Amino acid sequence: MNFLSCAECREMGRGQVKVSLWISLVTLLIHCPSICWAFLPNFWSRVLTLSWDSYTHQYMTEQALINVTIETLISTHGYQQDADSQTGLGRAFWQAVNEVVSANADMDFLSATRSDPVYHFDSERIEGATEMLREFWKQTVLLTQKKKYQAARNSLGKLFHSLQDFYSHSNWVEMGQYTEYIHLLNPKEPPVPVASEDTPTCAACHRFSCYNNLLEELVQGPPRPLLTTGYFSTYPAKPTGKCSHGGILDSSRDQGAEGGINKDSTSPLFSPHHYLHKEAARLATTATLSVLRDLRHTVGPKSFLRLFSVQQPPSLVFVIDTTGSMFEEITAARMRVLSIIRARAQSRSPGLPGTFVLVPFHDPGFGPVLETDDPDQFQLFMEDLTALSGGDEPEMCLSAIELALIHSPPLSEIFVFTDASPKDRHLYSTVKSLILEKKSKVTFLLTEDQNSRMTLKDRRKRKRRKALSPDRFSLYSSLSSISGGMTIFTTNTDIQKASAIVEDSTATNKVTLLHAESEADSSHYFTVDRGVGGVTLHVAGKLSQCLLSSPTGVNQSLLSEAGPLAGLDHAEGLYRVNLLPPIEPGQWQLSVTAQGPITFNVLGESTLDFFYYFAVVENETHPGLRRVEGSPIADVSAFLVVSVTGLSWNDEATFSHVTLLSTNGESLQKILLNSSSSSGSSEELVGHINSIPRMPFSMRLSGRDGKGNELERVSSEMVQPTHVQILVLSAPQLLAGHHSTVLFEVFNHGPARWFTLIAKDDHGYLSDTKDSSFSIGERGSVRREVELRIPLSTQSGQTVTLTLSVQAQDSPDSNYAVVHLTVLPEEPDMSPPSCSSLRVESACPPQCSLGNWSVSLALKDRGHSGLASMQLAKGQGTITLLHQETTRKTEGENPLTQLHKEATEGQASPLMQLNKEAQEHQLHQHRGHGHQVHQSEPSTLVHSDPPLNISQWARGRHITLHYTSNCCDPQAELLIWDRAGNMRRCHLIASQQRGLRENKKNSASSRTAGLVFPLVLFSLLI
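Here the structure is a predicted model, which means the values were calculated and not measured.

## Re helix H9 (residues 277–299)
The periodicity of an α-helix, 3.6 residues per turn, causes residues three or four positions apart to be oriented the same way.
Now for step 1: Between its first and last C-alpha atoms H9 spans 33 Å; for 23 residues at 1.5 Å apiece the expected length is 33 Å, and the two agree.
Now for step 2: Taken from the residues just after H9, Gly300 is the one with a positive phi, measuring 95°.

Here is the structure:
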């Protein structure tokens, strides 16, 4: 991985990227986080914090995955390691790595995990964090063994994040430890004792760099050293004498003991123990490598390589109509499978054979999903496929496509053979969401004439109950257009020739050089570079003329003559053009005269390709770029992150910009990328989009090789900008025989209007499957939840795909969220509930009877049984329990800021002076309407009351309560039970946290620290 140098950052800072970076840096400080902090999340964090030589979660994770993967290939396949070893790992491998890295970074960004110290080894929650680590390990192994690889990668990314955080947030390095802490994932190894809640751990430090501020007994004993981790901000409350996380973004650093111990970066501004950062990173990397090697040993080398899609060719996914009229189509698909499997066998590729998926459908049935990684087994699936008799003309096609998308890997090529329109049109939004989430292409081969002309024989084969609509295939055309695939209208006679597109599209190392659609006559250009091998052009539609022009001006009329440039293979509905070798590098032109709509697709053979995602600067948790889930929001700014893969170490290529392309291939916007030379097989570039276009667009990456020749690659799927957004707030694990709730929030970035929500899961576990409608005010939001009931007979390891789609009722605006959930084996719930202080107010006067103190608490059950009851065992005060309803409206401010404020309400922050100019450049700009939160009537509890049943209040979520008492009674004890009988004693002390008062006292110094940093940054970026 090649990261930016200081000089490169200055170069990148020029122009629009410079302005955007400056805005982001200012906003990073003024929106100072009050939540957990960790090793920097990703490569962009090093730019934001000026810690160029810091090791990030992303870097450590990527390097460990690459090293252990190559190590495995060498030991099992005789893989030759050289300078280009990474190039041969394959495009699917880099996609798998991106998934692990994204799951790792999400721990810092998602609302369900970013503020919870258990996920980050913060606030001395070492026991709970260790249990969480072991759960992630069990999930990863189980899911890998069940071949649920995408879910396993997600679990592994979470494990890596928590594991790496331990070495940065604890005093393990300061103890003089030079090896990893084996006990974290191996309970048989002896543990190091943890400092108790009343044991001071740090001495005060009033400088950015804190040396020797850990108390001696924490580092050396006697009799043995004690483990501790730093407290961050005010959640949970930091007891006096404990260590803080530290750094300018941690408000608890000004509470006794002042200072901090984190080793997240090499910058003293952010990490008081910055001088130990590299040692912490070394141990974190060693621990990450050990996990991967243990995983390989547990699941076996073959499953390990499949988990990361190493050297795998594209998946072969068929969705096939099996009604009586489909004999020719089934035969054509069967022959293509045989040809592809033979070609892959003859290539003697060192990699694994890939994934094969078959989903048959008819009416009224669809499925089952036939999935295998054995080519011979897949051939048997195809041989057993037969055309059934009869059936109504509309069939369950979208249901079958939904299953294919769920069970196939990301970036799959899906081919649908049918002659019938969809009966299940209501699934269009769900299928569209899955296509966008998986970035898979769907190509339809339709043997039904567009104008419904049928022979007598065809009419006998297929019964009809009503006249067919002339636009009955419009949903297919829409889905193929969105995915970057094609819709080919052919005939039974030509289906064998037309199905050659399957073989073309699933060949190894295929990249896209052009993808466009047109309604009439048009000309399109594509660039072939010296690194591109065989080039194939697909044109779907009906052509009258087709002229191909080479870079040197040689022309060939493809429809009327043979020539020196290309050979033409024509089937009804599809023209296949193969450029003849030697292929001339440079810009080619294809000009056509068409009869109706046409689609162009140009494929080349090359390892060089790219991935991308949209991101915004994360200012409310960790400094870095947070991936935008779902479709991006139109008319606002965002960053575009591009990962270039397949570069050889000796390639001297540079990439200057990305062009946003309309559906017909016209340029909409040019996005400049930061200047960076390639020096490996994966490189990340960043550009800033001032305003995301409203219309759908695809992307073309442009650059030059070492000799100055043009390089171009195209990502053909159509990005769907929108003005509505879904943010998933909680995605619980599932247990057989239990119900679970998924909480989410829908944001409206446009005027007040009505929306329709469609929720769908692939197993029918949703308790309510009806579409719901609701209104959202201008720049407002509402919270909703869906409940899944898991049957008792459900096997552990089963994955459930929940798709949430929201559609505006008066416009095309829509968006989606896809939630992947896992059914875990139920084990005895031995974990007691947790109790964390959110806020303490204690301003007791000398005469205690004249004042009160209060504390706000969050109660949560980490086990699966759920909260049951609570009782005030000691104390003369009153507990008030308030439960916020999950359906609400939030307006009047940035909705993500609102979420953050609710999670951390009352917490003090050293840099909370808002800068309006910087605010205006953020993704969400919400003004002026206030917000409403509906609440139930409060419940109260005093010392003499019996235990209060809180199970209905909790319903699988955390609850908050408020305790108020007279200053003459400064302590209290709360007992909390879960349904398994586990109990937690929660001690409340009036003086346990002085954060709010001390923050006021130190607000001047905090503001000074906040001003010094942007001034330094500004001088470096000029």
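## Re the state of the cysteines
Now for step 1: This model, assessed by the stated rule, comprises four disulfides.
Now for step 2: Covalently, Cys205 is tied to Cys210 through a disulfide, its sulfur atoms 2.2 Å apart. Taking the torsion about the sulfur-sulfur bond, which here is approximately -95°, the covalent link between Cys205 and Cys210 counts as left-handed. We note that Cys205, like Cys210, is buried.
Now for step 3: Note that Cys844 is cross-linked by a disulfide to Cys967, the S-S spacing being 2.0 Å. Looking along the S-S bond of the Cys844-Cys967 disulfide, the torsion reads about -85°, which is the left-handed sense. Taken as a pair, Cys844 in the loop between strand S32 (834–842) and strand S33 (852–860) and Cys967 in the loop between strand S38 (959–966) and strand S39 (971–978) lie far apart in primary sequence, 123 residues in all.
Now for step 4: The exposure class of Cys967 is buried, given its relative accessible area of 8%.

## Some thoughts on the sheet that holds strand S4 (residues 413–418)
Now for step 1: Pairing is mixed across the open sheet formed by six strands, whose spatial order is S3-S2-S1-S4-S5-S6. Each of the sheet's edge strands pairs with one partner strand only, and the pair in question is strand S3 (370–372) and strand S6 (487–489). If you compare each strand with its neighbour and ignore which way they point, the axes differ by 10° on average.
Now for step 2: On top of the sheet, helix H16 (residues 474–483) reaches S4, strand S5 (441–446) and S6; it is set at about 145° to S5, its chief contact.

## Structural notes on the pattern of salt bridges
Now for step 1: In this structure the tally under the stated criterion is 24 salt bridges.
Now for step 2: In this structure, Glu135 and Lys138 form a salt bridge, with 3.9 Å as the shortest nitrogen-oxygen distance. Of this pair, Glu135 and Lys138 both sit in helix H6 (residues 126–145), three residues apart, which is roughly one turn of the helix.
Now for step 3: Residue class for Glu135 comes out partly exposed when judged on its relative accessible area of 31%.
Now for step 4: On the basis of relative accessible area, Lys138 is assigned to the partly exposed category, the value being 39%.
Now for step 5: One salt bridge in this structure joins Lys147 and Asp373, with 3.6 Å as the shortest N-O distance. Taken as a pair, Lys147 in the loop between H6 and helix H7 (149–169) and Asp373 in the loop between S3 and helix H12 (375–383) lie far apart in primary sequence, 226 residues in all.
Now for step 6: By sharing partners, the salt bridges in this structure join Lys497, Asp504, Asp569 and Arg576 into a single network.

## Thoughts on the environment of Tyr575
Now for step 1: Position of Tyr575 relative to the elements: it lies in strand S13 (residues 574–579).
Now for step 2: Look at Tyr575 and you get buried, because its relative accessible area is 6%.
Now for step 3: Distance in space between the C-alpha atoms of Tyr575 and Lys542 is 8.7 Å, their sequence separation being 33 residues.
Now for step 4: With residues up to four places along the chain from it excluded, the contact list for Tyr575 reads Leu537, His538, Val539, Gly541, Lys542, Leu543, Leu559, Leu568, Asp569 and His570.

## Details of the pairing of strand S24 (residues 724–730)
Now for step 1: Buried residues dominate S24, accounting for five of its seven residues.
Now for step 2: Where S24 and strand S26 (residues 739–748) come together, six bridges link them in antiparallel fashion. Counted as the bridge partner of Leu727 is Glu745 from S26.

## Quick word on empty space enclosed by the protein
Now for step 1: A full pass over the atoms with the stated rule returns eight cavities of 30 Å³ or more.
Now for step 2: By volume, the largest cavity is sized at about 60 Å³.
Now for step 3: Taken together, Glu413, Lys441, Thr443, Gly484, Gly485, Met486, Ile501, Ser505, Asn601 and Leu603 make up the full set of residues lining the largest cavity.
Now for step 4: When its residues are assigned to classes, the lining of the largest cavity shows three nonpolar, five polar and two charged.

## Concerning the packing of helix H4 (residues 57–77) against helix H5 (residues 91–109)
Now for step 1: Taken N-terminus to C-terminus, the directions of H4 and H5 make an angle of 145°; their axes are 10 Å apart at the nearest point. By crossing handedness, the relation of H4 to H5 is classed as right-handed. When H4 is examined against H5, the residues His57, Gln58, Thr61, Glu62, Leu65, Ile66 and Thr69 are found in contact with a partner set consisting of Phe93, Trp94, Val97, Val100, Val101, Asn104 and Asp108.
Now for step 2: Across the contact of H4 with H5, the residue classes break down as seven nonpolar, five polar and two charged.

What counts as what
- Residues numbered from 1 in each chain as written.
- Predicted model: local features only at pLDDT ≥ 70, side-chain atom pairs only at ≥ 80, totals over all residues.
- Heavy atoms only, no water.
- Helix = DSSP H or I, 4+ residues; strand = E, 2+ residues; numbered from the N terminus.
- Expected span 1.5 Å × (residues − 1).
- Disulfide = S-S within 2.5 Å.
- Buried < 20%, exposed > 50% of the residue type's maximum accessible area, 1.4 Å probe, protein only.
- Pairing = 2+ DSSP bridges.
- Axes fitted to C-alpha atoms, helices over the stretch in contact; angles between N-to-C directions.
- Contact = heavy atoms within 4.5 Å.
- Salt bridge = Lys/Arg side-chain N within 4 Å of Asp/Glu carboxyl O.
- 1 Å grid on protein atoms, 1.4 Å probe; cavity = no way out; pocket = protein on both sides within 12 Å on 5 of 7 lines; lining within 4 Å.
- Points joined across faces, edges and corners; volume = space filled by probe spheres on them.
- Nonpolar A, V, L, I, M, F, W, Y, C, P; charged D, E, K, R; others polar.
- Left-handed = near helix turned anticlockwise from the far one by under 90°.

It is worth stressing that arrangement in space is one thing and function is another; only the former is reported here.
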